[in-house]
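Overview (structure and organization)
For reference, the chains in residue letters:
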Amino acid sequence: MSPSNDPNDPCRVTPVRLAETEEEKNDAIIKWIKSQLNHHPDYVLYLQSKTKLQTVPEVLNQYKIVSRMLGLLSGLMTPVDHDEAPSCEVKMVRSNLRSPCTH
């Protein structure tokens, strides 16, 4: 049986475009990471802390919030149907999230 292309078939294969450059792939992974962060409960705390002038301890707290959220994403994989970066593992490298994906 060959893969279905019927849009109503829940098992259909959705072809994805692979990134042509490392920069495109990283941008696609960052886009996925941002969508994950936007749904994290601490994201509201982060946004609230950015609405006013901050003291140094408040800026450090913002850093801790974002660092904690990013740490939770490290080791996860982008979805198999994620355009430009399917099935790429998210890893923390030199304080930045990067992917060793070699598509």
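Since we're looking at a predicted model, the values are computed, not measured.

A short note on the nonpolar core
Taken as a class, soluble globular proteins show a tendency for nonpolar side chains to be buried jointly. Core analysis: the largest hydrophobic core is formed by 13 residues, its most contacted members being Ile-29, Ile-33, Leu-37, Ala-85 and Val-90. When contributions to this core are tallied by element, the ones reaching two or more residues are α1 (22-37) and α3 (56-73). The element that contributes the greatest number of residues to this core is α1, accounting for five residues.

With respect to the pattern of salt bridges
Applying the stated criterion to the full structure yields six salt bridges. As a salt-bridge pair, Arg-17 and Glu-84 come within 1.9 Å of each other at their nearest N and O atoms. Of the two residues, Arg-17 sits in the segment before α1 while Glu-84 sits in the loop between α3 and β1 (91-93), which places them 67 residues apart along the sequence. Between Asp-42 and Arg-68 there is a salt bridge; the shortest N-O distance is 3.1 Å. Here Asp-42 is found in helix α2 (residues 42-49), whereas its partner Arg-68 is found in helix α3, with 26 residues between them in sequence. What makes Arg-68 partly exposed here is its relative accessible area of 43%. The network of salt bridges with common partners includes Arg-17, Glu-20, Glu-24 and Glu-84.

Considering the confidence of the model for the protein
A residue-level look at the protein finds 77% of positions with pLDDT of 70 or above and a mean pLDDT of 80. Averaged pLDDT values over the elements of the protein bottom out at 51 in strand β2 (residues 96-98) and peak at 90 in α1.

Digging into the side chain of Asp-42
Residue Asp-42 is classed as buried on the basis of its relative accessible area, which comes to 16%. In contact with Asp-42, other than residues within four places in its own chain, are Ile-65, Arg-68 and Met-69.

Thoughts on α3
An ideal rise of 1.5 Å per residue puts 26 Å on 18 residues; α3 measures up with 26 Å between its terminal C-alpha atoms. Among the residues making up α3, those that are buried are Gln-62, Ile-65, Met-69, Leu-70 and Leu-73. Burial along α3 is one-sided: seen end-on, the buried residues are contained in an arc of 125 degrees. Counted as exposed and oriented over 90 degrees from the buried face of α3: Val-56, Pro-57, Tyr-63, Lys-64 and Leu-72. Just downstream of α3, Gly-75 is the residue with a positive phi angle, here 100 degrees.

Considering α1
Spanning 16 residues, α1 covers 22 Å between terminal C-alpha atoms, matching the ideal 22 Å at 1.5 Å per step. Taken together, the buried positions of α1 are occupied by Lys-25, Asn-26, Ala-28, Ile-29, Trp-32, Ile-33 and Leu-37.

Criteria and thresholds
Residues numbered from 1 in each chain as written. Predicted model: local features only at pLDDT ≥ 70, side-chain atom pairs only at ≥ 80, totals over all residues. Heavy atoms only, no water. Core = buried A, V, L, I, M, F, W, Y, C linked by side-chain atoms within 4.5 Å. Buried < 20%, exposed > 50% of the residue type's maximum accessible area, 1.4 Å probe, protein only. Helix = DSSP H or I, 4+ residues; strand = E, 2+ residues; numbered from the N terminus. Salt bridge = Lys/Arg side-chain N within 4 Å of Asp/Glu carboxyl O. pLDDT = per-residue confidence, 0-100. Contact = heavy atoms within 4.5 Å. Expected span 1.5 Å × (residues − 1). Arc of directions from axis to C-beta.

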